[in-house]
Amino acid sequence: MKRARFEAVYKDVFPFWGSILEADREYLCQNSDIFTYPKGKNIHDGSECSGVILVHSGSLRLYMLSDEGKDITLYRLHKGDMCMLSASCVLDAITFDVFVDAEEDSKCCVISGPAFALVAERNPAVKIFALETAVDRFSDVMWVMQQILFMSMDKRLAIFLSDESARTGSDIITLTHGQIARYMGSAREVVSRMLKYFASEGIVEVLRGGVKILDKKRLRKLTL
């Protein structure tokens, strides 16, 4: 029963699934579980190999934390996304700690890190998949660093609002100023001032607990 539940998912998300041994497919399925995380729950704190996480529903946030407690959001994961950085035992090159929190009530499929690592050692295709998945996410991390280091705040905020609107298919961004600031690696006061400026220009309307985009064309121009 457990094999059937997980194999139906894995054969669609893992390109190597059909090429590994039957015993390895069985082993991965037997070392998989479904977890439901409440909003705000810390899922991974970098202290252990938590496993490979597949998001079934909800949203997860990956971030780094400084010694002073300041965090920088690296990227977010939504339905259908996979987190490989939470399985540090699979990738020896991962030498820094990342944290993973549930941004909303989330349901995830988790493969044991040691189990995935063992199968990866026996199957080069699995190891390559893990590395390629991690490299793809590093591109997202570098994009975040580029924005923080080299872009003006108005451009960064315009990009964030545009991307969030495209992702959700809505002109209303249901995030607080504090949440937006955390995702952007900025201060809430800075985001609030910039949203106030956008609102004065008729680009957005600031709502209670969210932001409504009024002029997409002008917002897009700010992203260039």
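Presented here is an overview of the structure given in this document. The structure presented is a predicted model; accordingly, all values stated were derived computationally and were not measured.

This part covers the sheet that holds strand S5 (residues 71-77). Sheet architecture is open: four strands sit in the order S2-S7-S4-S5, paired in antiparallel fashion. The sheet terminates laterally at strand S2 (42-44) and S5, the two strands that pair on one side only. Taken over all neighbouring pairs, the strand axes of this sheet differ in orientation by 35° on average, direction set aside. As paired strands, strand S4 (residues 60-65) and S5 are joined by six bridges and run antiparallel to one another. Of the residues in S5, the one forming a bridge with Met64 is Ile72.

Our focus in this paragraph is the sheet that holds strand S8 (residues 106-111). Neighbouring strands of a sheet are bound in pairs by backbone hydrogen bonds; such pairs are parallel or else antiparallel. Spatially, four strands are ordered S1-S8-S3-S6 in an open sheet, and the strand pairing comes out antiparallel. Only two strands of the sheet have a single partner each, and these edge strands are strand S1 (32-37) and strand S6 (82-83). Inspection of the sheet shows strand S3 (residues 52-57) paired to S6 by two bridges, in the antiparallel sense. Each bridged residue has a counterpart across the sheet, and for Ile53 the counterpart in S6 is Cys83.

Enumeration according to the criterion identifies 13 aromatic pairs in this entry. Three or more aromatic residues link up through ring pairs in this structure, and these residues are Phe6, Tyr10, Phe14, Phe16, Trp17, Phe116 and Phe129. A cation over a ring is seen here: Arg61 above Tyr63, with NZ or CZ 4.2 Å from the ring centre. Between Arg76 and the ring centre of Tyr183, over which it is positioned, the NZ or CZ distance is 3.9 Å.

Now for helix H6 (residues 177-184). Burial within H6 is extensive, with six of its eight residues counted as buried. All of the buried residues in H6 are His177, Gln179, Ile180, Ala181, Tyr183 and Met184. Looking at the residues trailing H6, positive phi occurs at Gly185, about 70°.

Within helix H3 (residues 113-122), burial applies to Gly113, Ala115, Phe116, Ala117, Val119 and Ala120. Here the buried face of H3 lies against helix H2 (22-30), S3, S8 and helix H4 (124-150).

This next bit is on the environment of His56. The residue His56 is located in strand S3 in this model. Measuring from C-alpha to C-alpha, the distance between His56 and Arg156 comes to 29 Å, with 100 residues separating the pair along the chain. Those residues in contact with His56 that sit more than four places away from it in its chain are Lys79, Lys107 and Cys108.

Parameters at a glance
- Residues numbered from 1 in each chain as written.
- Predicted model: local features only at pLDDT ≥ 70, side-chain atom pairs only at ≥ 80, totals over all residues.
- Heavy atoms only, no water.
- Pairing = 2+ DSSP bridges.
- Helix = DSSP H or I, 4+ residues; strand = E, 2+ residues; numbered from the N terminus.
- Axes fitted to C-alpha atoms, helices over the stretch in contact; angles between N-to-C directions.
- Phe/Tyr/Trp six-rings, centres within 6.5 Å; stacked < 30°, edge-to-face > 60°.
- Lys NZ or Arg CZ within 6 Å of the ring centre and 35° of its normal.
- Buried < 20%, exposed > 50% of the residue type's maximum accessible area, 1.4 Å probe, protein only.
- Contact = heavy atoms within 4.5 Å.

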